[in-house]
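# Analysis of the macromolecular model
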Amino acid sequence: MKNIGFILKRLRQVYGDSAKDFSVKLGLSSSYLSEIENGKKNVSISILTKYAEILGIKVSSIILIAEDEDSLKKENKFKQLVQPIMKKIMLRK
């Protein structure tokens, strides 16, 4: 799941939060959040759990999206999988 930071960033953006606002909600510095979302730092399970709680989705859903993105990106099918999932997530708001 090397792209989990990318997925976390996209989820945050879909929900309309700026990095600055989201870092406050997570209790992290903006720079640390940036490093996570850009794949420079690994995300801990506690931060991943906070992400999920703030977004109102399950940790397992985030992991599933990240795992599927890794495998489907190789086949250029990422967009086909993620668009329906993102639409469902956005409708939960």
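Here is a short report on the structure shown in this document. (Residues numbered from 1 in each chain as written. Predicted model: local features only at pLDDT ≥ 70, side-chain atom pairs only at ≥ 80, totals over all residues. Heavy atoms only, no water.)

A separate point is the overall build of the protein. On a plain count of helices and strands, the protein comes out with 6 helices and 0 strands. What you see in the protein, going N to C, is helices and strands ordered as α-α-α-α-α-α. By residue count, 34% of the 93 residues in the protein fall in the buried class. Working note: accessible area of the protein is about 5,800 Å², and carbon and sulfur atoms make up 52% of it. (Helix = DSSP H or I, 4+ residues; strand = E, 2+ residues; numbered from the N terminus. Buried < 20%, exposed > 50% of the residue type's maximum accessible area, 1.4 Å probe, protein only. Areas by Shrake-Rupley, 256 points an atom, 1.4 Å probe, with all protein chains shown as cover.)

Okay, the pattern of salt bridges next. Counted under the stated rule, the structure contains 2 salt bridges. With a shortest N-O distance of 2.8 Å, Arg-12 and Glu-37 are connected by a salt bridge. On the criterion of sequence distance, the pair formed by Arg-12 in helix α1 (residues 4-14) and Glu-37 in helix α3 (residues 30-37) is long-range, its members being 25 residues apart. Each member of the pair, Arg-12 as well as Glu-37, carries the same accessibility label: buried. Measuring nitrogen to oxygen at the nearest pair gives 3.0 Å for the salt bridge that ties Lys-25 to Asp-17. By relative accessible area, Lys-25 is classed as partly exposed at 46%. (Salt bridge = Lys/Arg side-chain N within 4 Å of Asp/Glu carboxyl O.)

Within the span of α3, buried status applies to Leu-33, Ile-36 and Glu-37. Down the axis of α3, the smallest arc covering the buried residues is 90°, so these residues share one side. For α3, the elements touching its buried residues are α1, α2 (19-26) and α4 (45-55). The first or second residue beyond α3 is Gly-39, which carries a positive phi of 75°. (Arc of directions from axis to C-beta. Contact = heavy atoms within 4.5 Å.)

The next point concerns the side chain of Asp-17. Residue position: Asp-17 is located in the loop between α1 and α2. A polar contact of 3.0 Å, which involves the side chain of Asp-17, links it to the side chain of Lys-25. In this structure Asp-17 touches Arg-12, Phe-22 and Lys-25, once residues within four positions along its chain are discounted. (Polar contact = N/O pair within 3.5 Å; in protein donor to acceptor, adjacent residues only side chain to side chain.)

Here we come to the environment of Leu-64. With respect to the helices and strands, Leu-64 occurs in helix α5 (residues 59-74). By relative accessible area, Leu-64 is classed as partly exposed at 43%. Taking C-alpha positions, Leu-64 is 9.8 Å from Ile-4, a pair spaced 60 residues apart along the chain.

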